[in-house]
Amino acid sequence: MSGTPPRYAQGTPCWVSLLARDLDTAERFYGPLLGWDFAAGPTDLGPYLRAVVDGLPVAGVGVMPEGSDFAVDWITYFAAADADEVAQQVRDRGGTLAMGPLEFGRSGRMAMAADLDGAVFGIWQGREHLGWERQHEPGTAAWSVLATPEAERATRFYAGAFGSSAVESGSARVHQEQDEIVLKVGGRMVAGIRNAPDLEDRPRWRIHFAVRDVDLAVGRARELGGGVEQAPADTPYGRAALLRDAEDGPFAVVQLS
């Protein structure tokens, strides 16, 4: 595989970053679970590591500000041709900008936002760092799914924020998988929005990491101090499980079919 990263069309998930409380705890959990090594990343916003597989970056791990009461969570970033323009579209459609847009070293320009129901996501205008360089392989990102009480409304929000020519919307162009709407960019499925009217937790994007064997990964997660939110089950995308890491951060593992 070439080390040259692909360029991601606007509206495509291109990176995921963990907001953790302790870097060492995150390394001890995700390293053995997903086969990650770690390399130093830009520190403009505090300590930050990049998780790598075979020398290629696949995810980031940062530390939340001291004294913060934020919950540990994974943030999915969507590619933007112009982060400032997308940020303005988010505002115009009733979303919230929590941070930025601002420069993230020489890597790119980023913003943190929340949609109409409070689900947090990132906006990424890549420069030196365009996004993950491996995907759909063990230890790398396979899929991001938004669980939200109003899937149709969320679909309209993301389609509008990132541009109707980038994120397809409308009943004729949104692919339905059971209770999940699949966002498409250039005809390619890139992310899911799941209707969850009885959602007990807050709406969130949940990253799914590919593994060779979901049941083995679940057992290993328990050994490493994590927890199981939803036991392994067969899904349209492969056998999957919803997990919590050693700091209660939610994520999922999927065995691609």
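Right above here is the structure, for reference.
Residues numbered from 1 in each chain as written. Predicted model: local features only at pLDDT ≥ 70, side-chain atom pairs only at ≥ 80, totals over all residues. Heavy atoms only, no water.

Novice: Can you explain the environment of P32? Please cite residues and give values.
Specialist: Here P32 shows up in helix α1 (residues 23-34). Judged by relative accessible area, P32 falls into the partly exposed class, the value being 39%. With 75 residues separating them in the primary sequence, P32 and S107 have C-alpha atoms 27 Å apart. The contact partners of P32, leaving out residues within four places of it in the chain, are E27, R220 and L224. (Helix = DSSP H or I, 4+ residues; strand = E, 2+ residues; numbered from the N terminus. Buried < 20%, exposed > 50% of the residue type's maximum accessible area, 1.4 Å probe, protein only. Contact = heavy atoms within 4.5 Å.)

Novice: Go over unusual backbone geometry with me, naming the residues and quoting the values.
Specialist: A cis geometry characterises the amide bond from G100 onward to P101, with omega recorded as 5°. As for its placement among the helices and strands, P101 is situated in strand β6 (residues 96-104). Despite not being glycine, H136 has its phi angle at roughly 60°, a positive value. The topology assignment puts H136 in the loop between β8 (120-126) and β9 (141-148). Positioned with a positive phi, D248 is a non-glycine residue whose angle comes to about 75°. Within the secondary structure layout, D248 lies in the loop between β15 (238-244) and β16 (250-256).

Novice: Can you lay out the pattern of salt bridges for me, pointing to particular residues and giving the numbers?
Specialist: Scanning all chains against the criterion turns up 17 salt bridges. Residues D54 and R134 are paired through a salt bridge, measuring 2.7 Å at the closest nitrogen-oxygen approach. You can see D54 sitting in the loop between β3 (48-53) and β4 (56-63) and its partner R134 sitting in the loop between β8 and β9, a full 80 residues away along the chain. Judged by relative accessible area, which is 63%, D54 ranks as exposed. Here R239 ties to D215 by a salt bridge, and the two come within 2.9 Å at their closest N and O atoms. Of this pair, R239 sits in strand β15 while D215 sits in helix α4 (residues 214-223), placing them 24 residues apart in sequence. Through salt bridges with shared partners, one network takes in D73, D201, R202, R204, R206, E229, R244 and D248. (Salt bridge = Lys/Arg side-chain N within 4 Å of Asp/Glu carboxyl O.)

Novice: With reference to specific residues and values, describe empty space enclosed by the protein.
Specialist: Under the definition given, this model contains one cavity of 30 Å³ or more. In this structure, the largest cavity encloses a volume near 30 Å³. Taken together, P13, W132, Q135, A141, A142, W143, S144, V190 and I207 make up the lining of the largest cavity. Take the lining of the largest cavity: its biggest share by element is four residues, from β9. (1 Å grid on protein atoms, 1.4 Å probe; cavity = no way out; pocket = protein on both sides within 12 Å on 5 of 7 lines; lining within 4 Å. Points joined across faces, edges and corners; volume = space filled by probe spheres on them.)

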